[in-house]
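These are the residues of each chain, in order.
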Amino acid sequence: MTRPTTRLVAALAAAPLLLLGACGSEDGGTAGAGGDDGKVKISAIFSGPTNDADYNALGLQALKAAEQGGAEISFTEKVAVPDIEARLNEAVGDGADVVWTHGSQFYEATAKVAEANPDVAFIGEFDGTPKDQPANVWTIDRQFHIGFYGMGVFASKLSKTGTVGYVGGLGLPFSMAEVHAMEQAVKDTGAATTIKPVWTGDFNDAAKAQQFATQLIGSGADVIVGSLNQGSTGTFQAFEGKPEGSGWVTAKYTDKSSAAGPHYAGSLEYDFTKPLADVLAKIKAGTTTGRFALGFDTGVRIQVSDAVPADVKAAVDEAVAKVKSGEVEVKLDTSKIG
């Protein structure tokens, strides 16, 4: 446990409302240091547009909650990985007390800039526990495999053909872990379901997602589990024109029922409001480094459509309860598939 720097202590002590309101959401940007108004200045950096109704929108929602709690916020959006270090340094130069990068692809640069700026607190996202984590960096571990265990039960119970398709963007370690977690769920429940995973190469390419989902449906899959951002639209389109009840599709991050149509079964939803709030509270209390793990108790839930049969929903609820109680331990397996 380390103590906050003098600069951070002064800024956070002057803004008690921020941490009282830290049960809300967060927004991002480049912010200045605590000034005469006593407000904590939080700067967030997002990989995509904050109006995407998806991952980046969740970040903005969380940041706005911090603002409602008394923080001064700013953010930069549509930041590519090659540009992240420059944006981080800009945030520090503009006087941010806390800099948050929303997306695990930014962690390496976040840690690097943090080491060079010990008077600033940083919050990064990481899938797992990083080595040599700087003393002024908190991580939010997204633990996507936890949620996808529940999605494995969900999809397996929904399927009538016994074949479930998984459509991801890039074959990253967290995506491998999602598929393995679904396979564990199938094994744990004794089902005979086969999981067929594919990766389109892009989380936002709807055309490719539609193409790959259509191929999976053609090979017998009657449930498509999506792990995409804006590309999820393509998985919905793959079911267009098909009779209701002939198949199901799920999404990730947010409720996408308004865009999905009658084949929409639900979504694995995330909320970064409480994680951000809790980390800010820890920083104020003097703990400037640590790990916040996402799970069914901390920002993750499976939203099930009313159109889904009651017995399927009951099976999902049971699976979530077992994970929460510790009866089921979801293994983190990032081994390569295929």
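Predicted model only: the values in this text are computed from it and were never measured. (Residues numbered from 1 in each chain as written. Predicted model: local features only at pLDDT ≥ 70, side-chain atom pairs only at ≥ 80, totals over all residues. Heavy atoms only, no water.)

## So, the overall build of the protein
Scanning the protein from N- to C-terminus turns up 12 helices and 12 strands. Approximately 13,700 Å² of the protein is accessible, and the part contributed by carbon and sulfur atoms is 50%. (Helix = DSSP H or I, 4+ residues; strand = E, 2+ residues; numbered from the N terminus. Areas by Shrake-Rupley, 256 points an atom, 1.4 Å probe, with all protein chains shown as cover.)

## Topic: the sheet that holds strand β4 (residues 121–126)
Taken together, 6 strands build an open sheet; the order of strands is β2-β1-β3-β4-β5-β11 and the sheet is parallel. Every other strand in the sheet has two partners, leaving β2 (72–76) and β11 (290–293) as the edge strands with one partner each. Direction aside, neighbouring strands of the sheet carry axes that sit 20° apart on average. As paired strands, strand β5 (residues 137–141) and β11 are joined by 4 bridges and run parallel to one another. By the bridge assignment, T139 is partnered in β11 with R291. (Pairing = 2+ DSSP bridges. Axes fitted to C-alpha atoms, helices over the stretch in contact; angles between N-to-C directions.)

## Describing the pattern of salt bridges
Applying the stated criterion across every chain, the model contains 13 salt bridges. Note that R291 and D141 form a salt bridge whose closest N and O atoms lie 2.9 Å from each other. Of this pair, R291 sits in strand β11 while D141 sits in strand β5, placing them 150 residues apart in sequence. Note that K324 is salt-bridged to D297, the shortest N-O span being 3.5 Å. Here K324, found in helix α12 (residues 310–325), pairs with D297, found in the loop between β11 and β12 (300–304); they are 27 residues apart in sequence, far enough to count as distant. (Salt bridge = Lys/Arg side-chain N within 4 Å of Asp/Glu carboxyl O.)

## A short note on unusual backbone geometry
A positive phi angle, near 55°, is found at D132, a position not held by glycine. Take D132: it is sitting in the loop between β4 and β5.

## Quick look at the packing of aromatic side chains
Counted according to the given criterion, the structure contains 13 aromatic pairs. With a centroid separation of 5.3 Å and 85° between ring planes, the pair formed by F144 and Y270 is classed as edge-to-face. Taken together, the residues F144 in helix α6 (residues 144–158) and Y270 in strand β10 (residues 264–270) connect sequence positions 126 residues apart. No difference in accessibility class separates F144 from Y270, as the two residues are buried. The ring of F174 has R142 sitting right over it, with the charged end atom 5.4 Å from the ring centre. (Phe/Tyr/Trp six-rings, centres within 6.5 Å; stacked < 30°, edge-to-face > 60°. Buried < 20%, exposed > 50% of the residue type's maximum accessible area, 1.4 Å probe, protein only. Lys NZ or Arg CZ within 6 Å of the ring centre and 35° of its normal.)

## Section: the packing of helix α4 (residues 84–93) against helix α5 (residues 107–116)
Between α4 and α5, the least distance of the axes is 9 Å, while the angle of their chain directions is 40°. As the angle between them shows, α4 and α5 are arranged oblique. For the pair α4 and α5, the sense of crossing is right-handed. Within the contact between the two elements, α4 uses I84, E85, L88, N89 and V92 and α5 uses A109, T110, K112 and V113. Residue classes in the contact of α4 with α5 are distributed as 5 nonpolar, 2 polar and 2 charged. (Parallel < 35°, antiparallel > 145°, perpendicular 65-115°, else oblique. Left-handed = near helix turned anticlockwise from the far one by under 90°. Contact = heavy atoms within 4.5 Å. Nonpolar A, V, L, I, M, F, W, Y, C, P; charged D, E, K, R; others polar.)

## Considerations on the nonpolar core
If you look at soluble globular proteins, the nonpolar side chains tend to sit buried side by side. Membership of the largest hydrophobic core comes to 79 residues, with the highest contact counts inside it found for I42, I123, Y149, F154, I224, Y270 and I302. In terms of residues, this core owes the most to one element, α6, which gives 9 residues. When neighbours within four sequence positions are excluded, I123 is seen to be in contact with V98, V99, W100, T101, W138, I140, L276, V279, L280 and I283. (Core = buried A, V, L, I, M, F, W, Y, C linked by side-chain atoms within 4.5 Å.)

## Here's the deal with the side chain of T110
Structurally, the position occupied by T110 is in helix α5. Assessed through its relative accessible area of 0%, T110 is described here as buried. If near-sequence neighbours (up to four positions away) are discounted, T110 is found in contact with L88, T101, F122 and G124.

## Details of the sheet that holds β12
Pairing is mixed across the open sheet formed by 6 strands, whose spatial order is β7-β6-β8-β9-β10-β12. Only two strands of the sheet have a single neighbouring strand rather than two, namely β7 (194–199) and β12. Adjacent strand axes in the sheet meet at a mean angle of 15°, parallel and antiparallel pairs treated alike. Relative to β10, strand β9 (residues 248–253) runs parallel, the two sharing 5 bridges.

## Notes on the environment of K196
Examined against the element boundaries, K196 turns out to sit in strand β7. A relative accessible area of 30% places K196 in the partly exposed class. With 28 residues separating them in the primary sequence, K196 and I224 have C-alpha atoms 9.4 Å apart. If we ignore the near neighbours within four places in the chain, the residues touching K196 are T163, V164, G165, Y166, L216 and S219.

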